[in-house]
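# Breakdown of the fold
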Amino acid sequence: MSDAPRFDLLLTHARIVSLDDPEGGYGEIADGAIGCRDGRIAWLGRHDALPAGTHAERVLDAHGRLLTPGLIDCHTHLVFGGVRADEFEMRLEGASYQDIARAGGGIASSVAATRAADEDSLFASALPRARSLLHDGVTTIEIKSGYGLDLDSERRMLRVARRLGEHLGISVRTSFLGLHALPTEFADDRDGYVSEVCERMLPALAAEGLVDAVDAFCENIAFSPAQIRRLFEQARALQLPVKLHAEQLSNQHGAALVAEFDGLSADHLEYLDEAGVASMARAGTVAVLLPGAFYALRETRRPPIVALRDKGVPMAVATDLNPGTSPLLSLRLAANMACTLFGLTPAEALRGVTAHAARALGLDDRGRLRAGMRADMVLWNAHTPAELCYWVGGNLVEQVLVAGATRNGY
Ligand code: DI6
Ligand code: FE
């Protein structure tokens, strides 16, 4: 009996939705079991195929409930000072996002509030936002900088992001978004700010281990493809992966640029054209769909879902949680919106918040349930996978496991 498996945790009688299906289906096992050892999935299969003599330190009976990979929010800006509900009111009265940005509001107002906040107060304000995501079964969160726009303030944001991960016992991946907006002290010198970001801020923050990826905002109210190319060249020299806010408000051909640098993802994409889709398909760059921003800005132009699907571009879905364009605190609601507003199927939306979100972060150890993967899993008070996209709001989570352990942080 010496080769009978021994597990730290054995989940029994689960309706497993592995999302590990090359055809793009749910990858379901109706009455499944999963054995975990040392934080990883050691065995997965039909319950009645469990090897004889299996021993487990702890057994959790799922009673037929749905089990999925932990959700992954691969695009957030959840660390910031202040709130911008006033801009919500202005937009309801007819002002556009661009009008507000040009008048000195928008990102600039979050920059002022973020610069004024010390590390502890930034942490305290971000914590409940991160917890909201956790309540939806999120086990990995990407967090961007980009409201500091000077070295010390960007560092403070990234340190807070790391601290949130440690405090909550989840994975946090950081993206440096220095080229998010132009800080007032460089108002007449956009290229000077690009140099500051490329030559000083990025190398310093990367050397401190605070940067997992490099992002930028490619837009006529932000930075041009030529400026972003300089940043991406620096990222390449530092061996850091890149991603990009691309084609959100207009077509700047940002998706082709990030694909040229073998980028992890191009995000937003409402104004993406056929050539951009083709570049992403060639490079394997993930399309990160952000229906929260589409909804909040009352955008009418949708990302080209049919073309992305036809060309086999993997589609992820994220909250874009930020104070301006997407004050959205639920990834499951983002998945619902991706179906209702963009026309994804529930299977696509679920892959979008798991397997494809992992890929958008360059992580190959999570997002699907299979032997060898991290044991990040959610047990839901739901019986069919489509339900996870169908309910609008509410709390469907029964239990969350991070690396095989019940998550702390509530
Ligand atoms: N696109 C967005 O939707 C957010 N950033 C970006 O590049 C908006 C950020 C904000 O308005 O604070
Ligand atoms: Fe964003």
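The following refers to the structure shown. (Residues numbered from 1 in each chain as written. Chains lettered and ligands numbered in written order. Predicted model: local features only at pLDDT ≥ 70, side-chain atom pairs only at ≥ 80, totals over all residues. Heavy atoms only, no water.)

## What to know about the overall build of the chain
If you tally the helices and strands in the chain, you get 15 helices and 16 strands. For a compact globule of 410 residues, the expected C-alpha radius of gyration is about 22 Å, and the chain comes in at 21 Å, within 12% of that figure. Among the 410 residues that make up the chain, the fraction classed as buried is 60%. Total accessible area on the chain is roughly 15,600 Å²; 50% of this is exposed by carbon and sulfur atoms. Of the side chains in the chain, 40 bear a positive and 53 a negative charge, and the two mean positions are spaced by 2 Å. (Helix = DSSP H or I, 4+ residues; strand = E, 2+ residues; numbered from the N terminus. Rg over C-alpha atoms; globule rule 2.2 N^0.38 Å. Buried < 20%, exposed > 50% of the residue type's maximum accessible area, 1.4 Å probe, protein only. Areas by Shrake-Rupley, 256 points an atom, 1.4 Å probe, with all protein chains shown as cover. Lys, Arg positive; Asp, Glu negative; His and termini not counted. Charge placed at Lys NZ, Arg CZ, Asp CG, Glu CD.)

## Quick look at the pairing of strand β7 (residues 138-144)
A large share of β7 lies buried, amounting to seven of its seven residues. Of the pairings in the sheet, the one linking strand β6 (residues 71-73) to β7 comprises three bridges and is parallel in character. Bridge pairing links L71 to V138 in β7. Where β7 lies against strand β8 (residues 171-179), five bridges are found, and the strand directions are parallel. Bridge assignment links E142 to a residue of β8, and that residue is R173. Considered for its hand, the β-α-β crossover made up of β7, helix α5 (residues 151-168) and β8 is right-handed. (Pairing = 2+ DSSP bridges. Right-handed = clockwise from strand over helix to strand, strands pointing away.)

## A short note on the sheet that holds β7
Overall, parallel pairing links the four strands, which are arranged β6-β7-β8-β9 in an open sheet. The open sheet has two edge strands with one neighbour each: β6 and β9 (213-216). In this sheet, neighbouring strand axes are inclined to one another by 25° on average, regardless of whether the strands run parallel or antiparallel. Of the strands in this sheet, β7 and β8 are in contact with α5, which crosses β8 at around 170°. (Axes fitted to C-alpha atoms, helices over the stretch in contact; angles between N-to-C directions. Contact = heavy atoms within 4.5 Å.)

## A few points about the coordination of the iron ion (ligand 2)
Bound to the iron ion (ligand 2) are the protein donor atoms H75 (NE2), H77 (NE2), H245 (NE2) and D320 (OD), situated 2.1 to 2.3 Å from the metal. The class of H77 is buried, set by a relative accessible area of 2%. We classify D320 as buried; its relative accessible area is 2%. (Donors = N, O, S within 2.8 Å, 3.2 Å for Na, K, Ca; no water.)

## Details of empty space enclosed by the protein
Tallied over the entire structure, the rule returns three cavities of 30 Å³ or more. Lining the largest cavity are 14 residues, and of these Y97, I107, H180, N322 and T325 sit closest to its centre. Here the residues of the lining of the largest cavity are counted per class, giving four nonpolar, eight polar and two charged. (1 Å grid on protein atoms, 1.4 Å probe; cavity = no way out; pocket = protein on both sides within 12 Å on 5 of 7 lines; lining within 4 Å. Points joined across faces, edges and corners; volume = space filled by probe spheres on them. Nonpolar A, V, L, I, M, F, W, Y, C, P; charged D, E, K, R; others polar.)

## With respect to the site of ligand 1
Lining the immediate environment of ligand 1, one finds 14 residues, of which R84, Y97, Y147, H180 and T325 sit closest. Take Y97: an N or O atom from its side chain is 2.5 Å from an oxygen atom of ligand 1. Contact distances for ligand 1 include 2.8 Å between a nitrogen atom and a side-chain N or O atom of H180. Judged by the fraction of its atoms near the pocket grid, ligand 1 is located in the largest cavity. For the shell around ligand 1, the per-class residue count stands at four nonpolar, eight polar and two charged. (Near = heavy atom within 4 Å. Polar contact = N/O pair within 3.5 Å; in protein donor to acceptor, adjacent residues only side chain to side chain. Sits in = over half its atoms within 2 Å of the grid points.)

## Things to note about helix α7 (residues 225-237)
The end-to-end C-alpha distance of α7 is 18 Å, a good match for the 18 Å that 13 residues give at a rise of 1.5 Å each. Within the sequence span of α7, burial applies to Q227, I228, L231, F232 and A235. Axial view of α7: buried residues confined to an arc of 135°, hence all on one face. Residues of α7 that are exposed and point more than 90 degrees away from the buried face comprise A226 and A237. Buried positions along α7 lie against β8, α6 (190-207), β9, β10 (243-246) and α8 (254-260). One or two residues past the end of α7 sits Q239, with phi positive at roughly 60°. (Expected span 1.5 Å × (residues − 1). Arc of directions from axis to C-beta.)

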